[in-house]
Amino acid sequence: MQMNQLGRTSLKVSALGLGLAAVGRPGYINLGHGQDLGRQYAPLQMEANAHALLGAAYKRGIRYFDAARSYGKAEYFLSTWLEKAQPQDATIGSKWGYTYTAGWEVDAAVHEEKDHSLAVLDRQWQETQSLLANSLNIYHIHSATLESGVLENAEVLAKLGKLKADGIQIGLSLSGPRQAHTLRMAQWLEVDGVPLFDVVQATWNLLEPSAGPALAEARESGMGVIIKEALANGRLTSRNTDIDFTPSLTLLEGEARRLLTTVDALSLAAVLNQSWADVVLIGAVRQDHLISNLKALEVNWDEEASEKLSILPEPPAQYWDTRKKLKWN
């Protein structure tokens, strides 16, 4: 698999990475998530599934792995796999700012709580260090937004600056319809005269490409770019049975047939085709879906695909409202 330089960092990352949001906890918003897990939620069984998936991904060339404190036991599953597999060339990222609150229940009233305070940063940094201390390369603010005020919190920024000085690359993940505004504010933040953020993780897909110009600017300035939710939590796959999406799905299926691929691989290839994308995360839970996603690397993307699929984007506010309504399963 193609390896890319992650912005101005010294890190080398694979063009596709594995995100662990869906494998570390019983519930998630991806379409069909519960079915993918076979509704088998025993921690030991989920750990075994995570290890098998991580091993299959590594065997096939994936070298970037992404976790977060709020992904249930994802950091723990990742740490036990790293200890067992001893990969020498993996790049590891994790995130702070959300606390997992579901208590291992799929139907929990609240699955995670957001808090970008210094107290949470201090606590979650120690928690992450206890699991990934010898492996962690990138530490992101989880879903930074202008509304959260995290980019104006001098204490938090100073703490992140100290972590950066100690050798950790500092990143931020973005969320919501104002991703571009948040990124443009973060891009120029400095601590002691040095740019604080080396990496950005953002949502970009065929339905929500609005952050594209800002991501291109960030990459040009030297930031590494990681793309999440490239399949829109399953909405850009054949699993999307929303009748209102039928015309879009028909279009995607037609282009997939023309390019001799699948809808998921086509949708991922659209992101891989963006020159500013260093890593595109996939969120597979099953190995067959992992293998299907990897076919994106073989898609001969062309201008015809770009033109035909350019009608798919939704207004950002509509996209994020739809995402908010996806059911945990």
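These numbers come from a predicted model, not from an experiment. (Residues numbered from 1 in each chain as written. Predicted model: local features only at pLDDT ≥ 70, side-chain atom pairs only at ≥ 80, totals over all residues. Heavy atoms only, no water.)

Asker: Break down the overall build of the protein for me, with residues and values.
Answerer: If you tally the helices and strands in the protein, you get 12 helices and 14 strands. Against the 2.2 N^0.38 benchmark of 20 Å for 329 residues, the protein shows a C-alpha radius of gyration of 19 Å, consistent with a compact globule. Referenced to the eigenvectors of the C-alpha coordinate spread, the extents of the protein come out at roughly 50 × 45 × 40 Å. Contacts in the protein between residues far apart in sequence, at least 24 positions, make up 78% of those at least 6 positions apart. (Helix = DSSP H or I, 4+ residues; strand = E, 2+ residues; numbered from the N terminus. Rg over C-alpha atoms; globule rule 2.2 N^0.38 Å. Contact = heavy atoms within 4.5 Å.)

Asker: Kindly report on the packing of helix α4 (residues 118-132) against helix α5 (residues 154-165), identifying the contributing residues and their values.
Answerer: Running from N to C, α4 and α5 point in directions that differ by 25 degrees, and their axes come no closer than 9 Å. What the angle tells us is that α4 and α5 run roughly parallel. For the pair α4 and α5, contact is made by Leu 118, Leu 121, Asp 122 and Trp 125 and by Glu 155, Val 156, Lys 159, Leu 160 and Leu 163, respectively. In the contact of α4 with α5, the residues fall into six nonpolar, no polar and three charged. (Axes fitted to C-alpha atoms, helices over the stretch in contact; angles between N-to-C directions. Parallel < 35°, antiparallel > 145°, perpendicular 65-115°, else oblique. Nonpolar A, V, L, I, M, F, W, Y, C, P; charged D, E, K, R; others polar.)

Asker: Give me the nonpolar core: which residues, what numbers.
Answerer: With 98 residues, the main nonpolar core has Leu 78, Leu 172, Phe 197 and Leu 215 as its most contacted residues. The element that contributes the greatest number of residues to this core is helix α9 (residues 263-272), accounting for seven residues. Grouped together as the second largest cluster of nonpolar side chains are nine residues, Val 199, Ile 226, Val 279 and Leu 281 included. (Core = buried A, V, L, I, M, F, W, Y, C linked by side-chain atoms within 4.5 Å. Buried < 20%, exposed > 50% of the residue type's maximum accessible area, 1.4 Å probe, protein only.)

Asker: I'd like a rundown of unusual backbone geometry, residues and numbers included.
Answerer: The phi dihedral of Asp 192 falls on the positive side, at around 55 degrees, and the residue is not glycine. By the element assignment, Asp 192 lies in the loop between β10 (190-191) and β11 (194-195). Asp 192 gets classed as exposed once you look at its relative accessible area, which sits at 77%. Notably, Glu 229 is not glycine yet its phi reads approximately 55 degrees, a positive angle. Among the residues examined, Glu 229 registers a relative accessible area of 14% and is labelled buried.

Asker: Go over the sheet that holds strand β9 (residues 169-174) with me, naming the residues and quoting the values.
Answerer: Taken in spatial order, the eight strands close into a barrel running β3-β4-β5-β8-β9-β12-β13-β14, and their pairing is parallel. Sheet twist, expressed as the mean angle between neighbouring strand axes with direction ignored, is 25 degrees. Pairing of strand β3 (residues 16-19) with strand β4 (residues 64-66), which is carried by two bridges, proceeds in the parallel orientation. What sits directly across from Leu 18, in β4, is Phe 65. (Pairing = 2+ DSSP bridges.)

Asker: Describe the packing of helix α3 (residues 74-85) against α4, and please don't skip the residues or the numbers.
Answerer: Here α3 crosses α4 at 25 degrees, and the two axes come no closer than 9 Å. In terms of orientation, α3 lies roughly parallel with respect to α4. Facing α3, whose interface residues are Glu 75, Tyr 76, Leu 78, Ser 79 and Leu 82, α4 presents Glu 127, Thr 128, Leu 131 and Leu 132.

Asker: How would you sum up the environment of Lys 327? Please name residues and give values.
Answerer: Structurally, Lys 327 can be placed in the segment after α12 (316-325). Expressed as a C-alpha distance, the spacing of Lys 327 and Leu 121, which sit 206 residues apart in the sequence, is 28 Å. Excluding its chain neighbours within four sequence positions, the residues that come into contact with Lys 327 are Tyr 28 and Ile 29.

Asker: So what's going on with the pattern of salt bridges? Residues and values would help.
Answerer: The final tally for this structure, using the stated rule, is 23 salt bridges. Note that Asp 122 and Lys 159 form a salt bridge whose closest N and O atoms lie 3.5 Å from each other. Of the two residues, Asp 122 is situated in helix α4 and Lys 159 in helix α5; the sequence distance between them amounts to 37 residues. Accessibility expressed as a relative area gives 22% for Lys 159, which makes it partly exposed. Between Asp 288 and Arg 286 there is a salt bridge, with its nearest N and O atoms 2.5 Å apart. With relative accessibility at 40%, the residue Asp 288 sits in the partly exposed group. In the salt-bridge network here, residues are joined through shared partners; they are Glu 255, Arg 258, Asp 302, Glu 304 and Lys 308. (Salt bridge = Lys/Arg side-chain N within 4 Å of Asp/Glu carboxyl O.)

Asker: Just give me the short version of helix α2 (residues 43-59), but keep the residues and values in it.
Answerer: Taking 1.5 Å of rise per residue, the 17 residues of α2 would be expected to cover 24 Å, and the 24 Å separating its terminal C-alpha atoms lies within 8% of that figure. All of the buried residues along α2 are Met 46, Glu 47, Ala 50, His 51, Leu 53, Leu 54, Ala 56 and Ala 57. On its buried face, α2 is in contact with β3, β4, α3 and α10 (287-294). Taken from the residues just after α2, Gly 61 is the one with a positive phi, measuring 105 degrees. (Expected span 1.5 Å × (residues − 1).)

Asker: For the pairing of strand β13 (residues 224-228), give the residues involved together with the corresponding values.
Answerer: In terms of residue burial, β13 counts as a mostly covered element, since five of its five residues are buried. Of the two faces of β13, the one lined by Gly 224, Ile 226 and Lys 228 and the one lined by Val 225 and Ile 227 are each fully buried. Summarising the sheet, strand β12 (residues 199-203) and β13 pair through five bridges and their orientation is parallel. Of the residues in β13, the one forming a bridge with Gln 201 is Ile 226. Running through helix α7 (residues 212-221), the crossover from β12 to the neighbouring parallel element β13 is right-handed. Across two bridges, the pairing between β13 and strand β14 (residues 279-282) is parallel. If you follow Ile 226 over to β14, its bridge partner there is Val 279. (Right-handed = clockwise from strand over helix to strand, strands pointing away.)

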